[in-house]
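Topology and contacts: notes
These are the residues of each chain, in order.
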Amino acid sequence: IEKEAFFVSKLNHNVSVRLNANDEMKLDFQQVYKQILKEKKTYSDIPLYLGKKKQLVRLIMVHVPKEVYEKRILERNKMNKSRGYTTSEEYKIKARFNFYICNIPEQQCSWEVICKLYRVRWQIELAFKVWKSILHIDQTYKMKSERLVTTLYLKLLWIFINWQLISDCRNLFLREKLGLLSLSKCIQTLTENSNILRNTLFKSINNLNETLKDVIQLLSHHHWIEKRNERCHFEELIELLFCNSNI
């Protein structure tokens, strides 16, 4: 923010928000919810002041489907019951929305684009999750600093090779309209069959083309992203990122 960079993030439920910098009272989400219902809208996009520093941001509140709301309340009630608490009325109101905060002017990005941009940001988080949960890039043991750096570079190089294979296959299958590959499913499969590629690279480089054909065949079955109704999918996010955004 201090360097005037744009950001998009989720709003932490514990952070206070106010309509005016001098207001002592926090934003009344119950009133905002009633206003949305009255106007028969599915969202609210308002400027307000965030936290103790009272940073001016845009707050985008997107009304979630009934089943999502009910699932959130059920999970929160279950958790609170185990701790001897009751679910607050404030949480019940907030559970009806997804909250996004940003400092991008409305003239440059609509609220719909902001929501999609957040999903682009989340794709980065998912990639790091795959690196840690499947490729275990974060797991090391006590060693000399030189060996640690070498090990890290080797892991990153292996990630890059796998990533490039998946990207090429993803583009190929998209052009042929077969579907969109799931990064986590592909990484899992390539990790389980890493000996095939490793042996080719180090022992029989002349057979690389045949090995790559085997990889393509392997990933062309049961490695697709599962589509969810009323959700923005990866293809739409890429189109948004490179075609629709004025940022």
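Up top you'll find the structure we're talking about.
Residues numbered from 1 in each chain as written. Predicted model: local features only at pLDDT ≥ 70, side-chain atom pairs only at ≥ 80, totals over all residues. Heavy atoms only, no water.

1. Things to note about unusual backbone geometry
Worth spelling out the cut-off: Only DSSP runs of H or I with at least four residues qualify as helices, and only runs of E with at least two residues qualify as strands; both kinds are numbered from the N terminus onward.
Although it is not a glycine, Lys-40 adopts a positive phi angle of roughly 55°. By secondary structure assignment, the location of Lys-40 is in the loop between helix 1 (29–38) and strand 3 (43–50).

2. Structural notes on the environment of Gln-35
We apply this condition: Any N or O atom pair separated by 3.5 Å or less is treated as a polar contact, with the protein-specific requirement of one donor-capable and one acceptor-capable atom, and with residues adjacent in sequence counted only for side-chain atom pairs.
Turning to its location among the elements, Gln-35 is positioned in helix 1. Polar side-chain contacts of Gln-35 include one of 2.5 Å to the side chain of Glu-39.

3. Overview of the pairing of strand 4 (residues 55–63)
Put simply, the rule reads: By the convention used here, strands pair only if DSSP detects at least 2 bridges between them.
For strand 3 and strand 4, the ladder comprises eight bridges, and the chain directions are antiparallel. Paired with Leu-48 across the bridge in strand 4 is Val-57. Pairing analysis gives six bridges linking strand 4 to strand 5 (residues 97–102), with the strands arranged antiparallel. Opposite Ile-60, over in strand 5, you have Tyr-100 as the bridge partner.

4. Description of the environment of Trp-122
Counted only if it meets this: For every residue, the accessible area (1.4 Å probe, protein chains only) is compared with the maximum for its type, and the residue is labelled buried under 20%, exposed over 50%, or partly exposed between those bounds.
For Trp-122, the position within the fold is in helix 4 (residues 111–133). Since its relative accessible area comes to 40%, Trp-122 is described here as partly exposed.

5. A word on helix 1
Worth spelling out the cut-off: Note: the arc covers the axis-to-C-beta directions of the helix. Pairs of residues are marked as contacts when any of their non-hydrogen atoms sit within 4.5 Å.
For helix 1, every residue scored as buried is listed here: Phe-29, Val-32, Tyr-33 and Ile-36. Looking down the long axis of helix 1, one finds its buried residues gathered within 100° of arc, a one-sided arrangement. Buried positions along helix 1 lie against strand 2 (17–18), strand 3, strand 4, helix 3 (89–94) and strand 5. Its side-chain oxygen at 3.0 Å from the backbone nitrogen of Gln-30, Asp-28 defines the N-terminal cap of helix 1. Once helix 1 finishes, Lys-40 follows within two positions and takes phi at roughly 55°, a positive value.

6. Let's talk about the packing of aromatic side chains
Just so we agree on the cut-off: For Phe, Tyr and Trp, rings pair up if their centres lie within 6.5 Å, where Trp contributes its six-membered ring, and each pair is then called stacked (planes under 30 degrees apart), edge-to-face (over 60) or tilted (otherwise). When the NZ atom of lysine or the CZ atom of arginine is within 6 Å of a ring's centre and also within 35 degrees of its normal, the charge is said to sit over that ring.
For the structure on display, the rule yields eight aromatic pairs. Their ring planes at 55° and their centres at 5.9 Å tell us that Phe-97 and Phe-99 sit as a pair that is tilted. Taking the relative accessible area as the measure of exposure, Phe-99 reaches 4% and is therefore buried. On the basis of an interplanar angle of 85° and a centroid distance of 6.2 Å, the ring pair of Trp-131 and Trp-163 is categorised as edge-to-face. Of this pair, Trp-131 sits in helix 4 while Trp-163 sits in helix 5 (residues 145–175), and the two are 32 residues apart along the sequence. What makes Trp-163 partly exposed here is its relative accessible area of 31%. The positively charged end of Lys-41 is found above the aromatic ring belonging to Tyr-43, 4.8 Å away from the centroid. Note that Arg-76 overlies the ring of Tyr-91, its terminal NZ or CZ placed 4.0 Å from the centroid.

Nothing here speaks to function; it is geometry throughout.
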